[in-house]
Amino acid sequence: MTPTRLHHHAFVTTDQEATRMFYEDIIGLPLVATWTEVEHLMGEEEQEFCHTFYGLGDGGCLAFFQFANREFSETFAPPPPPSLFRHVAMLTSIEGQTEIRDRAEAAGIETMMMDHGFCKSLYFSDPNGLLLEFTVDHAQGAEID
């Protein structure tokens, strides 16, 4: 049996509020869960951290951890600059892609469009330096494949 869908993809942030505003207000993903934990992580002293989960249409999520200890968060935050070969790609419709691009550009975020032949993709980075791709499959995608 194979996995049925992505449950969540986790990242570290150093600013949950900027992350929340970006994913809810610009991307349009709802905040579906938030909780805090205190754990011993990687042999370190106790670390307090907060998880936030932003829901995707299939039930999966993008998740973000922020540690109370900023130095610990910065140790695991993604290193800028992003690379086109290391990103999170999400399927959307043409209308959805246009709306996301318009909101991002209205917020002053630089965007880039690429036509890959089998899909057209919108790229830009979130406040944590993560490169995101919002892709629209070509109408004849199955034939192209």
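Just above, that's the structure.
Residues numbered from 1 in each chain as written. Predicted model: local features only at pLDDT ≥ 70, side-chain atom pairs only at ≥ 80, totals over all residues. Heavy atoms only, no water.

Student: Give me the side chain of Thr-135: which residues, what numbers.
Tutor: Relative to the elements of secondary structure, Thr-135 occurs in strand 8 (residues 131-137). A distance of 3.4 Å separates the side chain of Thr-135 from the side chain of Ser-121, its partner in a polar contact. Contact partners of Thr-135, with chain neighbours within four places excluded, come to Met-90, Leu-91, Thr-92, Gln-97, Cys-119, Lys-120 and Ser-121. (Helix = DSSP H or I, 4+ residues; strand = E, 2+ residues; numbered from the N terminus. Polar contact = N/O pair within 3.5 Å; in protein donor to acceptor, adjacent residues only side chain to side chain. Contact = heavy atoms within 4.5 Å.)

Student: An account of the sheet that holds strand 6 (residues 112-115) is requested, with residue identities and associated values reported.
Tutor: Read from one edge of the open sheet, four strands run 5-8-7-6, paired in mixed fashion. Strands with a single pairing partner mark the edges of an open sheet, and in this sheet they are strand 5 (88-91) and strand 6. Direction aside, the axes of adjacent strands within the sheet are offset by 25° on average. Sheet topology places strand 5 next to strand 8; four bridges connect them, and they run parallel. Of the residues in strand 8, the one forming a bridge with Met-90 is Phe-134. Contacts from helix 3 (residues 94-106) reach strand 6, strand 7 (119-125) and strand 8 within the one sheet, and its direction differs from that of strand 7 by about 25°. (Pairing = 2+ DSSP bridges. Axes fitted to C-alpha atoms, helices over the stretch in contact; angles between N-to-C directions.)

Student: Can you explain the packing of aromatic side chains? Please cite residues and give values.
Tutor: Applying the stated rule across the entire model yields 10 aromatic pairs. When the centroid spacing of 5.3 Å and the interplanar angle of 50° are considered together, the rings of Phe-49 and Phe-67 count as tilted. Of this pair, Phe-49 sits in strand 3 (residues 46-55) while Phe-67 sits in strand 4 (residues 61-67), placing them 18 residues apart in sequence. Grouping residues by exposure puts Phe-49 and Phe-67 together as buried. The structure contains a cluster of three or more aromatic residues connected by ring pairs, namely Phe-11, Phe-22, Tyr-23, Tyr-54, Phe-64, Phe-124 and Phe-134. (Phe/Tyr/Trp six-rings, centres within 6.5 Å; stacked < 30°, edge-to-face > 60°. Buried < 20%, exposed > 50% of the residue type's maximum accessible area, 1.4 Å probe, protein only.)

Student: Quick rundown of the nonpolar core? Include the residues and the values.
Tutor: If you look at the biggest cluster of nonpolar residues, it comprises 19 residues, and the most contacted ones within it are Phe-22, Tyr-23, Ile-27, Leu-62, Phe-124 and Phe-134. With four residues, the single largest contributor to this core is helix 1 (residues 16-27). By size, the runner-up hydrophobic cluster in this structure holds six residues, among which are Val-12, Leu-41, Phe-65 and Phe-67. (Core = buried A, V, L, I, M, F, W, Y, C linked by side-chain atoms within 4.5 Å.)

Student: Tell me about the pattern of salt bridges, and please be specific about residues and values.
Tutor: For side chains of opposite charge, pairing can occur when their charged atoms come near one another. For the structure shown, the criterion picks out four salt bridges. One salt bridge connects Arg-20 with Glu-17, and the closest N-O pair in it is separated by 2.8 Å. Taken together, the residues Arg-20 and Glu-17, both in helix 1 and three residues apart, mark about one turn of the helix. Classification of Glu-17 as partly exposed rests on a relative accessible area of 42%. A salt bridge links Glu-24 to Arg-20; its shortest N-O distance comes to 2.7 Å. (Salt bridge = Lys/Arg side-chain N within 4 Å of Asp/Glu carboxyl O.)

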